[in-house]
Amino acid sequence: MKTLTDAWDWLADASHWSGDDGIWHRLAQHLVLTVVCLVISCLIALPVALVLGHLGKGGALAVNISNVGRAVPTFAVLVLLLLTPLGKFGEGPTVVALVLFAVPPLLTNAYVGMRGVDRDIVQAARGMGMTGQQMLFQVEVPLALPMIMNGVRIAAVQLVATATIAALAGGGGLGRIITAGFNLASTPQVVAGAVLVAVFALLVEGAFELEDC
Amino acid sequence: MPPWSGPLTQSPGSAPPDDCLARNDWICGEYLSTRRHILLDAVVQHLQLTALAVLIALVLAVPLAVVARRWTLASGPVLALTTILYTIPSLAMFSLLLPAYGLSASLVVAGLVLYSLTLLVRNILAGLRAVPEDTRQAARGMGYGPVRLLLTVELPLALPAAMAGLRIAMVSAVSLVTVGAIVGYGGLGNLIYAGMNTFFKAQVLTASVLCVVIAVAADLLLLGVQRILTPWTRASHA
């Protein structure tokens, strides 16, 4: 209990919220990293998944890429990228690692959603004389939208988690409050940082849940 | 001191040898031969942490899933709780457990148990729910009591789904152990963390590749176990 009150005191201290190492700045970094990488990942993954799903090709790749992504530790990829020449570009390794881990769930879910569209409906659309493009955007994508959005939700939660681990490899974001706490051997700061990260992740998850209602 | 001073192995005063350690290459046979014991210790710690966590999670998950299946009222809160646990990022999870466990291996195991538990409960519950009502009725008609029904009909039929969950939980745990490096118990993650601080490329790459090898090996092992335990699914595919 004492730790919780200490963590609360740490959070209540106004000096911990301002400045470059302050909570507001770290929160903004985390938010920007998550949103920017989510947009980049969607721009890469969704066109590929929609076209593959429309054509019905590359299914094995689209489905298995998620299993591969799970087996590769995010921390390892972050450190490997940090040691490449890319490491000289500030948040470069973090952005690349985040995108790498957000693409698989987007690709898999969008592909499965596209293939899950009732074949009879697609046949009917073709019978009505729709072109491939019309079928894709007016029939298949709207029907696959729940699965596509499910992929976006999983990717967003994954991005928040990976951005946190990025702090271990020198990236910015709320994780830095935790790693700084470990370096200072300050349990209250570690717990306070963890609470901030957990609340942030749950808010992201909650935002997608609300959208479903 | 150059930033790659970590990898150097020669004694002070002697001329630096021109091997892959001194050049700080990504791929280095010298590293494998000179640091064999460090690598082996890290792999053993990695396997111990993973196996212990998944085993504890499995022991807890089966009764939880059975309870959630039997009492519909319990299934809502159980599923909500697992969703919340799974959403919390790993680094935050380990940090939240710090006051309870301190800087210990138990902290890493506890964090991994919570993640694995989530995956296992969801999958076992899905497997139990997928048992056809007709099958249950038939077993009851043959005079099966609730315990016998559960042990000899429902759980075996839920096995393929449970094993799928176990494989995902195992592969995820192998990968998540690395984050335990923050408290010094990360198996191969410790080597990655140390290698990052000394820019030791061979160590980071070797440890990373070993992580993936362990994950793939564990997955194949469980796939083999699944095929032995569920011969009927094999027959239907053939």
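Residues numbered from 1 in each chain as written. Chains lettered and ligands numbered in written order. Predicted model: local features only at pLDDT ≥ 70, side-chain atom pairs only at ≥ 80, totals over all residues. Heavy atoms only, no water.

Labelled according to an unreviewed UniProt entry, chain B appears under the name ABC transporter permease, originating from Streptomyces sp. NBC_00119. In UniProt, chain B has this text filed under Sequence similarities (unreviewed entry): "Belongs to the binding-protein-dependent transport system permease family." (UniProt positions renumbered as here; feature names shortened; annotations may be inferred.)

Helix and strand counts for chain B stand at 12 helices and 0 strands. Walking chain B from its N terminus toward its C terminus, one meets helices and strands in the order α-α-α-α-α-α-α-α-α-α-α-α. By the compact-globule yardstick of 18 Å for 238 residues, chain B is too spread out, its C-alpha radius of gyration being 23 Å. Principal-axis analysis of the C-alpha atoms gives chain B an extent of 85 × 45 × 20 Å. In chain B, which comprises 238 residues, the proportion classed as buried is 44%. For chain B, the accessible area works out to roughly 11,500 Å², and carbon and sulfur atoms hold 70% of it. The centroid of the 14 positive side-chain charges in chain B is displaced by 13 Å from the centroid of its 9 negative side-chain charges. (Helix = DSSP H or I, 4+ residues; strand = E, 2+ residues; numbered from the N terminus. Rg over C-alpha atoms; globule rule 2.2 N^0.38 Å. Buried < 20%, exposed > 50% of the residue type's maximum accessible area, 1.4 Å probe, protein only. Areas by Shrake-Rupley, 256 points an atom, 1.4 Å probe, with all protein chains shown as cover. Lys, Arg positive; Asp, Glu negative; His and termini not counted. Charge placed at Lys NZ, Arg CZ, Asp CG, Glu CD.)

Glancing now at the packing of aromatic side chains. Considering all chains together, one arrives at 4 aromatic pairs over all chains under this definition. Between A:Trp17 and A:Trp24, the ring centres sit 5.0 Å apart and the planes meet at 55°, which makes this aromatic pair tilted. Its relative accessible area of 24% is what places A:Trp17 among the partly exposed residues. With relative accessibility at 54%, the residue A:Trp24 sits in the exposed group. Look at B:Tyr86 and B:Tyr115: their rings are 6.1 Å apart centre to centre, the planes differ by 80°, and that puts the pair in the edge-to-face class. A residue pair is termed long-range when its members are at least 10 positions apart, and B:Tyr86 in helix H4 (residues 72-87) and B:Tyr115 in helix H7 (residues 105-129) qualify at 29 residues. Assessed through its relative accessible area of 35%, B:Tyr86 is described here as partly exposed. The ring of B:Tyr144 is capped by B:Arg148, whose NZ or CZ atom sits 4.0 Å from the centre of that ring. (Phe/Tyr/Trp six-rings, centres within 6.5 Å; stacked < 30°, edge-to-face > 60°. Lys NZ or Arg CZ within 6 Å of the ring centre and 35° of its normal.)

Let us now look at the UniProt feature "domain: ABC transmembrane type-1" (unreviewed entry) in chain B. Mapped onto this numbering, the UniProt entry annotates "domain: ABC transmembrane type-1" (unreviewed entry) at residues 43-222 of chain B. Along residues 43-222 of chain B, the helical share is 84% and the strand share 0%, with 19 Å between the first and last C-alpha atoms.

Here the focus is the nonpolar core. Formed by 132 residues in total, the largest nonpolar core has its most connected members in A:Ile178, B:Tyr31, B:Leu112 and B:Leu188. Contact partners of B:Leu112, with chain neighbours within four places excluded, come to B:Leu49, B:Ala53, B:Phe94, B:Ala173, B:Leu176 and B:Val177. (Core = buried A, V, L, I, M, F, W, Y, C linked by side-chain atoms within 4.5 Å. Contact = heavy atoms within 4.5 Å.)

All names here are of chain B. One way to put it is that helix H8 (residues 133-141) packs onto helix H9 (residues 146-176) with a least axis distance of 11 Å and a crossing angle of 160°. Looking at the two axes, H8 sits roughly antiparallel to H9. Here H8 and H9 pass one another in a crossing that is right-handed. Contacts from Thr135, Arg136, Ala139 and Arg140 in H8 reach Leu149, Val153, Glu154 and Leu157 in H9. (Axes fitted to C-alpha atoms, helices over the stretch in contact; angles between N-to-C directions. Parallel < 35°, antiparallel > 145°, perpendicular 65-115°, else oblique. Left-handed = near helix turned anticlockwise from the far one by under 90°.)

Attention shifts here to the state of the cysteines. Under the definition given, this model contains 1 disulfide over all chains. Looking at the unpaired A:Cys37, the closest cysteine sulfur is the one in A:Cys42, lying at 11 Å. Residue classification places A:Cys37 among the buried positions, given a relative accessible area of 0%. Sulfur of B:Cys211: no disulfide; nearest cysteine sulfur belongs to B:Cys28 and is 19 Å away. You can call B:Cys211 buried: its relative accessible area is 0%. (Disulfide = S-S within 2.5 Å.)

Let us now look at helix H5 (residues 92-115) of chain A. Relative to the 34 Å expected for 24 residues at 1.5 Å per residue, H5(A) spans 35 Å between its end C-alpha atoms, a close match to the ideal helical length. Burial of H5(A) is extensive: 19 of the 24 residues sit out of reach of the surface. (Expected span 1.5 Å × (residues − 1).)

The subject of this paragraph is the interface of chain A and chain B. Taken together, the contact pairs 33 residues of chain A with 37 residues of chain B. Summing the contributions of chain A and of chain B, the shared interface buries around 2,900 Å²; its carbon and sulfur component is 85%. Summed over the shared surface of chain A and chain B, the result is 0 salt bridges. Linking chain A with chain B are 0 residue pairs in polar contact (both at pLDDT 80 or more), by the criterion used here. Put simply, the parts of the chain that give the side of chain A that touches chain B at least two residues each are helix H3 (59-71), helix H4 (74-83), helix H7 (132-165), helix H8 (175-183) and helix H9 (187-212) of chain A. For the side of chain A that touches chain B, the leading source of residues is H9(A), giving 10 residues. Its residues placed into classes, the side of chain A that touches chain B shows 25 nonpolar, 6 polar and 2 charged. (Buried area = accessible area lost by both parts, 1.4 Å probe. Salt bridge = Lys/Arg side-chain N within 4 Å of Asp/Glu carboxyl O. Polar contact = N/O pair within 3.5 Å; in protein donor to acceptor, adjacent residues only side chain to side chain. Nonpolar A, V, L, I, M, F, W, Y, C, P; charged D, E, K, R; others polar.)

Right, let's get into the environment of B:Arg167. All names here are of chain B. Along the polypeptide, arginine 167 turns up in helix H9. On the basis of relative accessibility, which here comes to 22%, the residue arginine 167 falls in the partly exposed class. Sequence separation between arginine 167 and leucine 220 is 53 residues; the distance between their C-alpha atoms is 8.8 Å. Other than its neighbours up to four places away in sequence, arginine 167 contacts Asp219, Leu222, Leu223 and Gln226.

Residues and elements named next belong to chain B. Of note, alanine 139 is situated in helix H8. Note: C-alpha distance between alanine 139 and glycine 76 (63 residues apart in sequence) is 27 Å. Once residues lying within four places of it in the same chain are set aside, the contact partners of alanine 139 are Tyr144, Leu149 and Val153.

You will see that A:Ala185, though not glycine, has its phi angle at about 55°, which is positive. Relative to the helices and strands, A:Ala185 resides in the loop between H8 and H9.

A few words on the pattern of salt bridges. Taken as a whole and judged by the stated rule, the model has 9 salt bridges over all chains. Counted as one network, the salt bridges with shared partners bring together B:Arg70, B:Glu133, B:Arg136, B:Arg140 and B:Glu154.

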